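Listed below are the residues making up each chain.
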Amino acid sequence: MLSQEETGKLKIGLEIHVQLTNLRTKLFCPCPSDYRGKKPNENVCPICLGLPGTLPQVNKRAVESAIAVCLAFGAKVQPYVVFSRKNYFYPDMNKNYQITQYDKAGGTTIGVGGYVTISLDGERKKIPLRRIQIEEDPGRLVHVEKNGVRKTYIDYNRAGIALVEIVTEPAMHQPREARMVLEKVQTTLEHLGVLDPSFEGSMRCDANISYAGGARIEIKNISSFKEVEQALRFEQLRLEYLPKIESTVTKRWGEKEGITATSREKEMEEDYRYFPEPDIPPIIIDEEIIEKIRKNLPELPDDRIERLVREYGISERLASIIVSEKPIADFFEKTVKILNEPEDVAHWLMNEVVRRWRECGIDYRYSRFKPENLAKLIRMVKEGVITTRIAKQVLWEIVPTGEDVEEYVKRTGLRIIRDPEELSPVIAKFLDDNPRLIKEAFENERVLDYICGEVQKRLQGRADPIILRKEIERLIGEKMKNA
Ligand code: ZN
Ligand code: MN
């Protein structure tokens, strides 16, 4: 096993592929970009099929979106950008090369440098970026098994979709930092308006992990942030217990099995025979365009976190958690606009609503449960119409359905009971069932607590606790007198 000092040198880097889902067409042709749910090979043309003699034409909005991405992460936008060919054979890569960008062999990437800020144990940490590049998505292999025969089909609908690839330096030292970087990248791109993360497969990630001087392990194509963290933890443990036994390898993360498996020997960069793409002229990006895009940038997560702290007086830690997902931040602000109780809103939203959304697998962006309803529920708790316990129970039911909280409470009769006359028959019935408790409660406060709890249970927690206690005391006193 490695020493403490050596484990300090764990290095993790990420290559994050993001589809620019704001674009209506592909990167080099006018084919529509909405391939999800389409018939296979419907969104294709000679250009994205890579037929000989066709010429790619760069989508201007893709370049503008990529510039915005660079600016959002503080990367330097390059004034002179060329595309490069990355040569390799794979069935989903119909031209036998991918049009991408490369920072060597005469190439440039659109962005250089920059950083992603994460909040680690209350401290801000900047993870430096190496580069940001534009490239095309390959097609998709579809594996089908029919009557025991396995076949693989190729769907080129995705071929040519515009991607931005964000490459970090290997500057993360723990798997959970990688997860935080991914969350921050996602929320930043969603704030920018270039990514809708609810589109399946719109953000994919390769991770590499190594100890200084040791073998570098690359894990390919992991879809969820949680899986990235788990795959990295797995490799971290393996590297610590079995250090330096292999050269650089590429691995695949098996979500079901929870382990990584070697998929192939890693190609070296020189295997790709990068060279400048001869069919696309260099793109000149002047300061004016950059400044215009910079001026139109929307509010980004770091600014939003600061504003939430300033405007609502919540802690930076809480603000970062809220902003880590744009739909949550939007929901929070909409609710606070209706009910100006930021702490309460944050509490109920994060602890109850988000938890329920996750449990039901609901995409927050399309939730039926709305800010108006949460504001109403918190107000009902504050005004003593329902208890906190009941409110949690109510949320559990209405978050998936979106039913109006007032209507739900009316329909189910979950209002707080304050009228002693409504309470006394239930108390009397309990005391009749447990006559021996009457005298004990008269002498022992804890038995009284017990009775309060039991009666409250029979009332599904709806009784006002103070009025309930008084009424129980009154009835016990009466029964003692009569006894
Ligand atoms: Zn096309
Ligand atoms: Mn790539």
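Positions within a chain are numbered from 1, following the residues in the order the chain's sequence is written. Following the order in which they are written, the chains are lettered starting with A and the ligands numbered starting with 1. Whole-chain, interface and lining totals are the exception, using all residues; otherwise, since this is a predicted model, local features are given only for residues with pLDDT of at least 70 and side-chain atom pairs are given and counted only at 80 or more. Side-chain calculation: all heavy atoms of the structure are included, whereas hydrogens and water are not.

### A closer look at the domain arrangement of the chain
Right, on to step 1. Domain ranges listed in this record stem from an automatic or a database domain assignment. Here the chain is described as being made up of domain 1 (4–292), domain 2 (299–412) and domain 3 (420–482).
Right, on to step 2. Summarising the inter-unit geometry, the C-alpha centres of domain 1 and domain 3 are found 65 Å apart.

### Concerning the coordination of the manganese ion (ligand 2)
Right, on to step 1. Surrounding the manganese ion (ligand 2) are the protein donor atoms H17 (NE2), E135 (OE) and E165 (OE), which sit 2.1 to 2.2 Å from the metal.
Right, on to step 2. Donor criterion used throughout: N, O or S atom within 2.8 Å of the metal, extended to 3.2 Å for Na, K and Ca. Water excluded; incomplete-looking sites may result. Of note, the manganese ion (ligand 2) draws all its donor residues from one chain, in the sequence arrangement H-x117-E-x29-E. Linking H17 in strand β1 (residues 10–19) with E165 in strand β11 (residues 162–168), this pair joins segments that are 148 residues apart in sequence. E165 shares its class with H17; the two are buried. Every helix listed is a DSSP run of H or I at least four residues long, and every strand listed is a run of E at least two residues long, numbered separately from the N terminus. Each residue is assigned to one of three classes by its accessible area relative to the maximum for its type, calculated with a 1.4 Å probe on protein chains only: buried under 20%, partly exposed between the two thresholds, exposed over 50%.

### Here we look at the sheet that holds strand β16 (residues 275–276)
Right, on to step 1. Spatially, the three strands line up as an open sheet ordered β5-β4-β16, and their pairing is antiparallel. Edge positions in the sheet fall to β5 (97–100) and β16, since each has one partner strand and no second.
Right, on to step 2. Pairing between two strands is assigned when DSSP locates at least 2 bridges connecting them. Across four bridges, the pairing between strand β4 (residues 84–87) and β5 is antiparallel. The residue bridging N87 from the neighbouring strand is Y97, located in β5.

### A short note on the coordination of the zinc ion (ligand 1)
Right, on to step 1. Taken together, C29 (SG), C31 (SG), C45 (SG) and C48 (SG) make up the protein donors of the zinc ion (ligand 1), found 2.3 to 2.4 Å from the metal.
Right, on to step 2. Square planar and octahedral assignments, for four and six donors respectively, both demand that opposite donors be over 155 degrees apart and that all other angles lie between 65 and 115; tetrahedral needs four donors with all angles between 85 and 135 degrees, and anything else is irregular. Between the four donor atoms coordinating the zinc ion (ligand 1), the angles at the centre fall across 101 to 114 degrees, so the site counts as tetrahedral.
Right, on to step 3. The sequence pattern formed by the donor residues of the zinc ion (ligand 1) is C-x1-C-x13-C-x2-C. Residues C45 and C48 agree in their burial class; the two are buried.

### Here's the deal with the nonpolar core
Right, on to step 1. One finds L14, I110, I132, I166 and L189 to be the most contacted residues of the largest nonpolar core, which totals 66 residues.
Right, on to step 2. Per-element tally for this core: the top contributor is helix α2 (residues 60–72), with nine residues.
Right, on to step 3. Excluding residues within four positions of it along the chain, I132 makes contact with V69, C70, F73, A75, Q101, T109, I110, G111, V164, E165 and I166.
Right, on to step 4. If you look at the next biggest cluster of nonpolar residues, it comprises 40 residues, including F332, V336, V353 and L377. Nonpolar core, defined: a set of buried Ala, Val, Leu, Ile, Met, Phe, Trp, Tyr and Cys residues in which side-chain atoms within 4.5 Å join the residues together. Any two residues whose heavy atoms approach within 4.5 Å are treated as being in contact.

### Focus on the packing of helix α3 (residues 175–192) against helix α4 (residues 225–241)
Right, on to step 1. An axis is simply a line fitted to the C-alpha atoms; with a helix, the fit covers only the stretch in contact. Between two such axes, the angle follows the N-to-C directions and lies from 0 to 180 degrees. Where α3 contacts α4, the axes come no closer than 8 Å and their chain directions differ by 160 degrees. Here α3 is positioned roughly antiparallel relative to α4, judged by the angle of their axes. Crossing hand, α3 versus α4: right-handed. On the side of α3, the interface is formed by P175, R176, A178, R179, L182, E183 and Q186, while α4 contributes F225, K226, V228, E229, L232, R233 and Q236.
Right, on to step 2. Each residue gets one of three labels, nonpolar for Ala, Val, Leu, Ile, Met, Phe, Trp, Tyr, Cys and Pro, charged for Asp, Glu, Lys and Arg, and polar for the others, Gly among them. Looking at the contact of α3 with α4, its residues break down into six nonpolar, two polar and six charged. An angle below 35 degrees is read as roughly parallel, one above 145 as roughly antiparallel, one from 65 to 115 as roughly perpendicular, and any other as oblique. Left-handed describes a crossing in which the near helix is turned anticlockwise from the far one by less than a right angle; the clockwise case is right-handed.

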